[in-house]
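Geometric and topological summary
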Amino acid sequence: LEEGARSCLLRSRHRLEQDIKPSYLMDHMVSDGVLTVDEEERIRTQDQAVALLELLLRKDNRAYISFYNAMVKEAYNDLANLLHRDLPRVLPEAHFRSSTSIEGGVPQRPVVFVSRPELVNRVREKLYRLQKEPGWVTVFGMAGSGKSVLAAEAARHHGLLEECFPGGIHWLSIGQLDKPDLLVKIQLLCFRLEQSLDSQSLHRTPNTLDEAKERLRFLMLRRYPRALLILDDIWDSTVLKAFDLHCRILLTTRNRSLTNSVSGAIYEVEVESGLDENKGMEILALYTNTKLHGLPEEARSIVRECKGSPLVVSLIGALLKEKPNRWPYYLRQLQQKQFKRIRKSSSYDYDALDQAMAASIEVLPDEHRELYKDLTVLEKDIRVPAKVLSVLWELEPEEVEDILEEFVNKSLLFVDSHNKPYLYYLHDLQLDFLVEQNRTQLESLHKKVVHQYQQHYRDGPPTSGDEDCLYWIRFLTYHMAKANLFQELYSLMFSLDWVSTKAQLMGPAFLINDYVEYGPILDKEFQEFLSLSGHQLEQRPFPDVVQLALSQPHTSEVYRQALLQARDQAGTG
Ligand code: ADP
């Protein structure tokens, strides 16, 4: 730890010890990988604030920075200011990624978190079996039972990282995918892996699933032997086969039998029925800031109604945090059977979730309830930055952040704060609920997205590689198709401007995906053009799309469009 930072800690020690609540701060610090879970446990058994500061003094600059960030996140503004002046200068990236830090996008703990030591240990114990040879660890159980949180927690273990996975841990959210999506996922993973090698060689993006698999196989075997891939929420065995590369994998799934078709050793951990009752109670206690034995008598019944689902307990906990005298009321709400799902999953009872979602949405202010409804249009497993929603809602990004924070605090939304800008997402089951609720309005909700986009970007599509731009470039076609705006979709995909921007920013896979997906409503010629010129769209430097199109038959629509653009360019340039 730098001298200045240390003396600042010493100076402010007394105030810090009095005012901070270490358990929340430690959550962030564990997520940042500057505090080990063992250290956290040890601190919990002592006078926490004193012990945490004692430990901090013996740690490095990263720990100080993480501690500071945690204070900011937990809104200890005055205290954070005390520390601010002596923040160590940010270390160079390479240094920051010390060999023992956890990389690769492992998600942080949820806002309120209870540990499930027995399960975590079971997963870790299985992971240790992958030390000597490759294989699979499957965490299976029903939706919303806490599999992802568990997998992330199991991965946060320095011993494991050092002894078994010195190649690092790389997290991939999978979800329900079709083939092009899968290709894109693997491309992005390869890209990420190559980037952190700092290798100068620029590889061609693999373009088919087979090529991508080959590339990944090479990377995993040659460059990242003994790395762990975590595949979160796998639905489909074809997806799994793409990763059947003789490497080390932890996967979460609802479907236990998926691994039947892959080769290598398989170890399984079942997340049976979600949380046990006491853990559920602990979540309620944390949300309401009460001691476990101080909970009212309804608490246990509420947890039972939630049927062990940590997601549902979290929703109710967030409600009770704001209205601490509503225990009986929310219990009654949970007991109502108000919703009928059309698609019932065979293995899971959604009633409690639906009730809890409805209750949480109901307490939102009217205007925010409408905004939450807009989230119905998001694709599953897609994370969006606040700026996208600021276009959709026509609000200042700061206002949007406040609203999203409210949703997050109510467990109605989740945030990936590893990423800058933060990315927001819904749990699968929440999205299911929204889609079910707003079934009749889907088209108009998507229309709104397209309309707001067109308003905001009336002078031309976004061209930067920022996360919000990438969202539009990737999903605008999807929203148009869902909105039944076929004319718009047609002219967008016919616009060479759009095509070249999309190919340039995202590589050809997404573009080709669009054509596969929406092909039936598109011009045949254009598809031919793409299939003939597609490979040229991967070249760097990027080829002139207009020139490519001009080499098409002169009778074609593509040629006509290109000619128009060429004249345009000549006119302005
Ligand atoms: P799954 O992957 O099984 O669908 P998740 O791991 O995404 O489920 O968990 C769903 C939600 O339940 C989380 O977003 C979080 O709100 C809550 N949750 C899960 N595990 C815990 C835990 N150990 N402590 C507190 N909340 C949890």
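Residues numbered from 1 in each chain as written. Predicted model: local features only at pLDDT ≥ 70, side-chain atom pairs only at ≥ 80, totals over all residues. Heavy atoms only, no water.

1. Quick look at a negative patch on the surface
On the surface, a cluster of negative charge is made up of Glu396, Glu398, Glu399, Glu401, Asp402 and Glu405. With respect to the secondary-structure elements, Glu396 resides in the loop between helix 20 (386-393) and helix 21 (397-409). (Patch = residues over 30% accessible without salt bridge, like charges linked within 9 Å, V, L, I, M, F, W, Y side chains within 5 Å. Areas by Shrake-Rupley, 256 points an atom, 1.4 Å probe, with all protein chains shown as cover. Salt bridge = Lys/Arg side-chain N within 4 Å of Asp/Glu carboxyl O. Lys, Arg positive; Asp, Glu negative; His and termini not counted. Charge placed at Lys NZ, Arg CZ, Asp CG, Glu CD. Helix = DSSP H or I, 4+ residues; strand = E, 2+ residues; numbered from the N terminus.)

2. What to know about the nonpolar core
Side chains of a nonpolar character, in soluble globular proteins, are inclined to be buried together. Ranked by size, the top nonpolar core spans 87 residues in total, and within it Tyr372, Leu375, Trp393 and Phe407 carry the most contacts. If sequence neighbours within four positions are ignored, Trp393 has contacts with Leu371, Asp374, Leu375, Val400, Ile403, Leu404, Phe407, Lys448 and Gln452. (Core = buried A, V, L, I, M, F, W, Y, C linked by side-chain atoms within 4.5 Å. Buried < 20%, exposed > 50% of the residue type's maximum accessible area, 1.4 Å probe, protein only. Contact = heavy atoms within 4.5 Å.)

3. Description of the pattern of salt bridges
Within this structure, the stated rule accounts for 27 salt bridges. In this structure, the salt-bridge partner of Glu118 is Arg122, at a minimum N-O distance of 3.2 Å. Of the two residues, Glu118 and Arg122 are both situated in helix 8 (residues 117-128); the distance of 4 residues between them amounts to about one turn of the helix. Across the pair Arg156 and Glu153 runs a salt bridge, and its minimum N-O distance is 3.0 Å. Summarising the burial analysis for this pair, Arg156 and Glu153 share the class buried. Each of Asp27, Glu40, Arg44, Arg109, Glu153 and Arg156 takes part in one network of salt bridges that share partners.

4. Some remarks on the sheet that holds strand 7 (residues 414-416)
What the 3 strands build is an open sheet, ordered 6-8-7; its pairing is antiparallel. Only two strands of the sheet have a single neighbouring strand rather than two, namely strand 6 (384-385) and strand 7. Bridge analysis of strand 6 against strand 8 (residues 423-425) gives 2 bridges, and the strand direction is antiparallel. Residue pairing in the sheet places Val384 in a bridge with Tyr424 of strand 8. (Pairing = 2+ DSSP bridges.)

5. Observations regarding the environment of Ala5
Within the fold, Ala5 resides in helix 1 (residues 3-19). Owing to a relative accessible area of 0%, Ala5 belongs among the buried residues under this scheme. In this structure, the C-alpha to C-alpha distance between Ala5 and Pro88, residues 83 residues apart in sequence, is 6.7 Å. Those residues in contact with Ala5, other than ones at most four positions away along the chain, are Tyr64, Asp86 and Pro88.

6. Remarks on empty space enclosed by the protein
Taken as a whole and assessed by the stated rule, the structure comprises 3 cavities of 30 Å³ or more. Of the voids in this model, the largest cavity is the one considered here, and its volume is about 50 Å³. Around the largest cavity, the lining residues are Asp374, Leu375, Val377, Leu378, Val388, Leu389, Leu392, Val449, Tyr471, Trp472 and His479. Counting residues per element, the ones that place at least two in the lining of the largest cavity are helix 20 and helix 24 (467-482). Here the lining of the largest cavity is composed, by residue class, of 9 nonpolar, 1 polar and 1 charged. (1 Å grid on protein atoms, 1.4 Å probe; cavity = no way out; pocket = protein on both sides within 12 Å on 5 of 7 lines; lining within 4 Å. Points joined across faces, edges and corners; volume = space filled by probe spheres on them. Nonpolar A, V, L, I, M, F, W, Y, C, P; charged D, E, K, R; others polar.)

7. Observations concerning the site of the ligand
Around the ligand, the surrounding shell holds 19 residues, and the nearest of these are Val114, Gly144, Lys147, Ser148 and His427. Within the side chain of Lys147, a nitrogen or oxygen atom sits 2.8 Å from an oxygen atom of the ligand. For the ligand, an oxygen atom lies 2.5 Å from a polar atom in the side chain of Ser148. Calculation on the ligand without its partners gives an accessible area of 550 Å², and the protein chains cover 93% of this total. Among the secondary structure elements, those contributing two or more residues to the shell around the ligand are helix 9 (147-155) and helix 16 (310-322). Looking at the shell around the ligand, its residues break down into 11 nonpolar, 6 polar and 2 charged. (Near = heavy atom within 4 Å. Polar contact = N/O pair within 3.5 Å; in protein donor to acceptor, adjacent residues only side chain to side chain.)

8. Digging into the sheet that holds strand 3 (residues 228-234)
With respect to topology, 5 strands assemble into an open sheet ordered 2-3-4-1-5, the strand pairing being parallel. A single partner strand is all that each edge strand has here, and the edge strands are strand 2 (169-175) and strand 5 (265-270). The mean inter-strand angle of the sheet, taken between neighbouring strand axes irrespective of direction, is 15°. Judged from the 6 bridges that link them, strand 1 (residues 135-140) and strand 4 (residues 248-253) form a sheet pairing that is parallel. Residue pairing in the sheet places Val139 in a bridge with Thr252 of strand 4. Along the sheet, helix 8 contacts strand 1, strand 3, strand 4 and strand 5; its crossing angle with strand 5, the most-contacted strand, is approximately 180°. (Axes fitted to C-alpha atoms, helices over the stretch in contact; angles between N-to-C directions.)

9. Some words on the packing of aromatic side chains
For the structure shown, the criterion picks out 8 aromatic pairs. Aromatic pair Tyr471 and Phe475: ring centres 4.8 Å apart, planes at 35°, arrangement tilted. Of this pair, Tyr471 and Phe475 both sit in helix 24, separated by 4 residues, roughly a single helical turn. Residue Tyr471 is classed as buried on the basis of its relative accessible area, which comes to 6%. Looking at Phe475, the relative accessible area reads 5%, which means it is buried. Taken together through their ring pairs, the aromatic side chains of Tyr453, Tyr457, Tyr471, Trp472, Phe475 and Tyr478 make up a single cluster. Here the basic side chain of Arg383 rests over the ring of Tyr425, its NZ or CZ set 3.7 Å away from the ring centre. (Phe/Tyr/Trp six-rings, centres within 6.5 Å; stacked < 30°, edge-to-face > 60°. Lys NZ or Arg CZ within 6 Å of the ring centre and 35° of its normal.)

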